[in-house]
Amino acid sequence: MIQFRSAFKGDKKSALVFMTLEQVKEKKCALSGKKACDAARAAVSAGHFEGNKGDIFPLIVDGKMVVLFGLGKKADLTPTSLRGLIRRGLLLSYFKKSADIEVILHEDTVDTVKAVIEADIIGTYSWKKYIAKKADDKTVEKKNIFVIAALRPEYAACITTSENVNFARELVNDNADLVDSLYLEKTFRGIVKGVRSVEIEVLGRKELAAKKFGLLLAVNQGSNKKPRVLIAKYTGADKDAPYTAFIGKGLTFDSGGLNLKPTGSMETMREDMSGAAAVLATLKNTIDLRIKKNIIFACGIAENAIDANSYKPGDVITGYAGISVEIGNTDAEGRLVLADVMAYVNKTYKPVKIIDIATLTGAVVVALGHDYTGLVSNNDALAEALLKSAAATDDRAWRLPNYPEIKDSIKSKIADIRNTSTLRGAGGTITGAEFLRRFIGETPWAHLDIAGTAFVDGDSRFYYGHGATGVGVRIFTDYMLNN
Ligand code: BES
Ligand code: MN
Ligand code: ZN
């Protein structure tokens, strides 16, 4: 829990004081109270604490712990590095035994206080469901943070959004056999339950077959899980005002199908529903924040399993849009699922904009690494607006091109198009996006390829620990609020 107080009280067991290099040089004491200030000044005067990036110095003042934490030069701080440093401070082993921490920042601005909120809620989140707790482990899981800053109205929304980022992460991190299509349907129904501004449509196998979702059903064919399409129509503005659609890829597991993924590429594939998780968490956040916009939230849920019934390379399959698709590779399944959902949402709900989010291609990691989501769009204004939201929320994205000549790369000799390109993987994110573009007509569209950003396979990246990052929720929320 995060609370705000106007001045440092020193009434909690511990305090964490962030100071820039400049503040330390000027011996500006951020602590109020003579004893605490004197102790900090003594540490500085004796040269123990200089305020360099990551410098740490603990003091005991009147039996309470005060940890000084250096931020380095103020000019070198970025939104990401500030969150990272605050996270490191909050996770210090010194605080293992204290549930309450007063946090003093180097300055009281909206941006720095938001950095504390995100460093705490997003930064200290970890996935430990299946780790047995040792009997003597007294680690305080959730700390009470008392930020010494003026309370401003935007903080409540920042807290809610950060918690909903973690909501998405919980869905991604748990086992694929637990978080399956029925679990996601239940989650979806739970989010919208009793909300009067939402109408829903849930399509099961029967409805999907009747509506000719041939591509989505083909992908799910080798699975014993039920296919689902989940759609929520959220009317936060006038009901005649236009709707924007968010559409998520929800592969609860991606084995690759008959084009089976090798060892080393399959272990994290429960992350392949991260797009759907982002859409569901954004739906929840939109309801929680009562956002006054009209939005369609849609998820295509399937599992790419391997079985005698699996769809096969070389098959030609026609889906909702009536476009025939040659299956060049059963592992390029996300675009098939999305194609049906995008075509259906476009035709049925007539949104003025479509934004899809998907762990679509390994190629996006080659192009951009793990720090930027790939964005492809047929509309400059929409792309610019999304990039702006990505930058503003520190949920980074970078644009890759869509251009007329790329059309030929998904040509097929036996079908209208193919789900793999003739370029043998070159520009795989761009050709994957081009495939999706064929299913939305002329509607302004943007595609977020989050295959590189949805999951941290190592210990940590930026201020995210191991596992799902909840990418997209902050971009979407900021986009809705500002467009
Ligand atoms: N789900 C994968 C993409 C992915 C890769 C997500 C790494 C997260 C991390 C997607 O379905 C896939 O397998 N794509 C193929 C496409 C190829 C066969 C054209 C890929 O990227 O190799
Ligand atoms: Mn795949
Ligand atoms: Zn996939």
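Residues numbered from 1 in each chain as written. Chains lettered and ligands numbered in written order. Predicted model: local features only at pLDDT ≥ 70, side-chain atom pairs only at ≥ 80, totals over all residues. Heavy atoms only, no water.

Student: Any chance you could explain the nonpolar core here in plain terms?
Tutor: Membership of the largest hydrophobic core comes to 55 residues, with the highest contact counts inside it found for Leu-184, Phe-246, Leu-283, Ile-287, Phe-297, Ile-355 and Leu-386. Top element by residues in this core is helix 9 (residues 274–288). It accounts for eight residues. Apart from residues no more than four positions distant in its own chain, Leu-283 is found in contact with Phe-188, Ile-191, Val-192, Ala-232 and Phe-297. Listed in part, the 49 residues of the second largest apolar core include Leu-251, Val-325, Ala-339 and Tyr-344. (Core = buried A, V, L, I, M, F, W, Y, C linked by side-chain atoms within 4.5 Å. Buried < 20%, exposed > 50% of the residue type's maximum accessible area, 1.4 Å probe, protein only. Helix = DSSP H or I, 4+ residues; strand = E, 2+ residues; numbered from the N terminus. Contact = heavy atoms within 4.5 Å.)

Student: What exactly am I supposed to notice about the site of ligand 1 here?
Tutor: The environment of ligand 1 is formed by 16 residues, the closest being Lys-261, Asp-272, Asp-331, Glu-333 and Gly-362. Here a nitrogen atom of ligand 1 and a backbone polar atom of Thr-359 are 3.3 Å apart. The separation between an oxygen atom of ligand 1 and a polar main-chain atom of Gly-362 is 2.7 Å. Surface burial for ligand 1 is 78%, taken as the share of its 520 Å² of free accessible area covered by protein chains. Residue composition of the shell around ligand 1, grouped by class: four nonpolar, four polar and eight charged. (Near = heavy atom within 4 Å. Polar contact = N/O pair within 3.5 Å; in protein donor to acceptor, adjacent residues only side chain to side chain. Areas by Shrake-Rupley, 256 points an atom, 1.4 Å probe, with all protein chains shown as cover. Nonpolar A, V, L, I, M, F, W, Y, C, P; charged D, E, K, R; others polar.)

Student: It is not clear to me how the coordination of the manganese ion (ligand 2) should be interpreted in this structure. Could you clarify?
Tutor: Ideal coordination angles are 109.5 degrees for a metal with four donors arranged tetrahedrally and 90 or 180 degrees for a metal with six donors arranged octahedrally. Those donors, Asp-254 (OD), Asp-331 (O), Asp-331 (OD) and Glu-333 (OE), are the protein atoms that reach the manganese ion (ligand 2), and they lie 2.0 to 2.2 Å from it. Metal-centred angles of 72 to 168° between the six donor atoms at the manganese ion (ligand 2) mark the site as irregular. For the manganese ion (ligand 2), all donor residues lie on one chain, and their spacing in sequence is D-x76-D-x1-E. Taken as a pair, the manganese ion (ligand 2) and the zinc ion (ligand 3) show a spacing of 3.2 Å, with Asp-254 coordinating each metal. One end of the pair, Asp-254, is in strand 9 (residues 244–254); the other, Glu-333, is in the loop between strand 12 (324–326) and helix 10 (334–349), and 79 residues separate them in sequence. With relative accessibility at 3%, the residue Asp-254 sits in the buried group. (Donors = N, O, S within 2.8 Å, 3.2 Å for Na, K, Ca; no water. Tetrahedral: all angles 85-135°; square planar, octahedral: opposite > 155°, others 65-115°.)

Student: How do you make sense of the packing of aromatic side chains when you look at a structure like this?
Tutor: For any pair of aromatic rings, the description consists of the separation of the ring centres together with the inter-plane angle of the planes. Evaluated as defined, the whole model comprises eleven aromatic pairs. An angle of 55° between the planes, with centres 5.5 Å apart, marks the rings of Phe-213 and Tyr-320 as tilted. Taken together, the residues Phe-213 in the loop between helix 7 (205–210) and helix 8 (214–220) and Tyr-320 in the loop between strand 11 (316–318) and strand 12 connect sequence positions 107 residues apart. Look at Phe-213 and you get buried, because its relative accessible area is 0%. Between Tyr-320 and Tyr-344, the aromatic rings sit 5.2 Å apart at their centres with planes inclined by 85°, giving edge-to-face as the arrangement. (Phe/Tyr/Trp six-rings, centres within 6.5 Å; stacked < 30°, edge-to-face > 60°.)

Student: Explanation requested: the coordination of the zinc ion (ligand 3) in the structure shown.
Tutor: For the zinc ion (ligand 3), the full set of protein donor atoms is Lys-249 (NZ), Asp-254 (OD), Asp-272 (OD) and Glu-333 (OE), and the range of their distances to it is 2.0 to 2.4 Å. Its six donor atoms give the zinc ion (ligand 3) angles of 78 to 173° at the centre, a pattern that matches the octahedral case. Residue Lys-249 is classed as buried on the basis of its relative accessible area, which comes to 1%.

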